[in-house]
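# Secondary and tertiary structure notes
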Amino acid sequence: MVNDGWKMPVGEALDGSQLVAFDLDGTLIDSVPDLAAAVDAALLDVDLPMAGEARVRDWVGNGSWSLLERALTDALGEAPSEVLCKTAHERFLEHYHRHPCVHTRLYPGVETALSQLFRRGLILCLVTNKPEAFIGPILEHLSIDGYFTVCLGGDTLPRKKPDPMPLRHLCQQFDVSPSQCVMVGDSRHDIQAGKAAGYRTIAVPYGYNHGEPVSLSEPDLIVESLEQLV
């Protein structure tokens, strides 16, 4: 599935590219079961009802603070106080730090895609809004940590996606033109960041995008599985 701006066979989508930046949650991994468990535990800690996995699935994508803010708003029926947000967020981080990868799994085709792109000599980077402290343990547990040259979390730089700063940072770090870079993600924030940075954009339709089709963000290409890229 390709829009009018980038018509080429899916197998040639990365031709001419030197760097590929991947989102994590909803693109490479389904992390919602573990995120939901930590959210529910944090809500119970502040005497609020649990949200459940189905609701949490629609709240993921803008970092952990936004995730807890949405969960609290849903539980309270109104915007939470800054103090409550801070307390619940701290409790969430504690719970998630203890169990970040109990039920988290790679999506089908991810390991094959990463290994073959790595063998082709592409610079593979991770650009996620997840706090940096959680990235390493999850990648190591799933045995994909060796594929990424750089991993940027939501708190690594002053700004995160949908701001293009992380992607521009990669171009500067590796002295690569944005026209030789691709952003691969599952949400409008990934596509917005990629377009603003001058990257080509590839989306997967199976991730977390707040209940809206990622096609509405008009990525250059949509693939059902990352394995289609190799």
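What comes next concerns the included structure.

Parameters at a glance
- Residues numbered from 1 in each chain as written.
- Predicted model: local features only at pLDDT ≥ 70, side-chain atom pairs only at ≥ 80, totals over all residues.
- Heavy atoms only, no water.
- Helix = DSSP H or I, 4+ residues; strand = E, 2+ residues; numbered from the N terminus.
- Buried < 20%, exposed > 50% of the residue type's maximum accessible area, 1.4 Å probe, protein only.
- Contact = heavy atoms within 4.5 Å.
- 1 Å grid on protein atoms, 1.4 Å probe; cavity = no way out; pocket = protein on both sides within 12 Å on 5 of 7 lines; lining within 4 Å.
- Points joined across faces, edges and corners; volume = space filled by probe spheres on them.
- Nonpolar A, V, L, I, M, F, W, Y, C, P; charged D, E, K, R; others polar.
- Axes fitted to C-alpha atoms, helices over the stretch in contact; angles between N-to-C directions.
- Parallel < 35°, antiparallel > 145°, perpendicular 65-115°, else oblique.
- Left-handed = near helix turned anticlockwise from the far one by under 90°.
- Salt bridge = Lys/Arg side-chain N within 4 Å of Asp/Glu carboxyl O.

This part covers the environment of Glu227. Here Glu227 is to be found in the segment after strand S8 (221–222). Residue class for Glu227 comes out partly exposed when judged on its relative accessible area of 40%. Each C-alpha atom, one on Glu227 and one on Ala54, is 27 Å from the other, the two residues being 173 residues apart in sequence. Excluding residues within four positions of it along the chain, Glu227 makes contact with Gly109, Thr112 and Ala113.

The full count for this structure, using the stated rule, is 1 cavity of 30 Å³ or more. Of the volumes computed, that of the largest cavity is approximately 220 Å³. For the lining of the largest cavity, the secondary structure elements donating two or more residues are helix H3 (64–76), helix H4 (82–98) and helix H8 (188–197). For the lining of the largest cavity, the residue count by class is 8 nonpolar, 7 polar and 6 charged.

With that settled, consider the packing of H3 against H4. In the contact formed by H3 and H4, the axes pass within 9 Å of each other and the chain directions differ by 120°. When the axis of H3 is compared with that of H4, the two are oblique. Here H3 runs over H4; the crossing is right-handed. Residues Ser64, Trp65, Leu67, Leu68, Glu69, Leu72 and Leu76 of H3 lie in contact with H4, whose contacting residues are Glu82, Leu84, Cys85, Lys86, Ala88, His89, Phe92 and Leu93. In terms of residue class, the contact of H3 with H4 is made up of 10 nonpolar, 2 polar and 3 charged.

Moving on, we come to the pattern of salt bridges. Oppositely charged side chains can pair when the atoms bearing their charge come close. In total, this model carries 11 salt bridges according to the counting rule given. A salt bridge links Asp23 to Lys161, with the nearest nitrogen and oxygen atoms 2.8 Å apart. Here Asp23, found in the loop between strand S1 (19–22) and strand S2 (29–30), pairs with Lys161, found in the loop between strand S5 (150–152) and helix H7 (165–174); they are 138 residues apart in sequence, far enough to count as distant. For Lys161, a relative accessible area of 4% corresponds to the buried category. Where Asp45 meets Arg91, a salt bridge forms, and the shortest distance between an N and an O atom there is 2.8 Å. Within this pair, whereas Asp45 is found in helix H1 (residues 32–45), its partner Arg91 is found in helix H4, the two being separated by 46 residues in sequence. Each of Asp23, Lys161 and Asp190 takes part in salt bridges that share partners, so that together they form one network.

Moving on, we come to the packing of H1 against H3. Direction vectors running N to C along H1 and H3 enclose 55°, while the axes themselves pass 11 Å from each other. Accordingly, the angle class assigned to the pair H1 and H3 is oblique. Handedness of the H1/H3 crossing: right-handed. In this structure, H1 uses Leu35, Val39, Ala42 and Leu43 to contact H3, whose residues at the interface are Leu67, Leu68, Ala71 and Leu72. Of the residues that constitute the contact of H1 with H3, the class distribution is 8 nonpolar, no polar and no charged.

Read these as geometric descriptors, not functional statements.
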